[in-house]
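Report on the structure
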Amino acid sequence: MNRSSKAAAAVLTAAGILTGGWAAAGPASAVEGTAPPPRERVLWGSVTIPPGRDGIVEASGPSGSALGFGSSLTLSAPAGAKVTAVPLTAAGYRGEVAADGRSAAYTATSAESPWRTGTFPFVLAVPADAVPGTRLGGCVLRLADAGGTERASGGCQVTVGLPSPVLSRPESGVPLGSRPAASGTAYPGARVTVSDQDGNEVCGDTAGADGVWSCAPGRDLPAGANRLQATATMNGVSASGEQIQITVGSPAPEQAPAAPAVPAR
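First, a word on what this report is: a plain description of the structure on this page. Owing to the predicted nature of the structure, the values given are computational and were not obtained by experimental measurement.

Right, let's get into the pairing of strand E11 (residues 150-160). Most of E11 is tucked away, with eight of its 11 residues classed as buried. Pairing analysis gives two bridges linking strand E9 (residues 135-136) to E11, with the strands arranged antiparallel. For Leu-136, the partnering residue across the bridge sits in E11 and is Val-158. Sheet topology note: the strand E10 (residues 140-144)/E11 ladder contains five bridges and is antiparallel. Bridge pairing links Leu-141 to Gly-154 in E11. Counting the residues that bridge the hairpin from E10 to E11 gives five residues, and of these Gly-148 lies at a positive phi of roughly 90 degrees.

Printed below as a string of structure tokens:
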């Protein structure tokens, strides 16, 4: 498996999928802002990708008239992003990424009703310096027949997300006091909130320029088993980290071993 295929497989589980829908043309075109011809169908969808990460734009097939051999589905990347892979492995299609990463396309290599079933993924990479909460404009999806005539078009909304915060303290599996301090790392400037298993806020802080944050509860946590989770928020986008299991309170004291029975005399 090459690097692009590995990245695509990882993104499927970690970053989420953008699903583009083929719908009847609405009052305005998703690309140009003008009413499309009645025969035109519009592609649309949205995805959130953290800075420096990959995400998948996945377009579904049209419900209109079938297009044959040589027809193609092209994605033009939004400003600042690049297409890094076309991981579809289904028979009947050939994928290719432009050398500069600004676009990629699938071409039908079979005449048996292409684009009617399945979905067509494009892997997008967002630059590491992209600001969370911003939207990258200029993402265009275009379906053309073998002669190059456009048969459907649209766009995709790509939002820069946040990396998941890391909750490194308190330690899992260690008996804790009633107000255990929490700390970890997150995207610099993000507001981090720590919540318990019931969704109640335990404490919060803002990650510094180095990404480090820390906080302590303002109230006692209930004794016993609990779970903590950190959520980062910035510019209207958020991301949650993994939950950790904790135990509040001292462990039960160990009982002394019973003395051996003394036989009666």
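Right, let's talk about the side chain of Ser-72 for a bit. Position of Ser-72 relative to the elements: it lies in strand E4 (residues 72-76). With residues near it in sequence (within four places) discarded, Ser-72 still touches Tyr-106, Thr-107, Trp-115, Arg-142, Leu-143 and Ala-144.

So, how was this worked out
- Residues numbered from 1 in each chain as written.
- Predicted model: local features only at pLDDT ≥ 70, side-chain atom pairs only at ≥ 80, totals over all residues.
- Heavy atoms only, no water.
- Buried < 20%, exposed > 50% of the residue type's maximum accessible area, 1.4 Å probe, protein only.
- Helix = DSSP H or I, 4+ residues; strand = E, 2+ residues; numbered from the N terminus.
- Pairing = 2+ DSSP bridges.
- Contact = heavy atoms within 4.5 Å.

On their own, these measurements won't tell you what the molecule is for.
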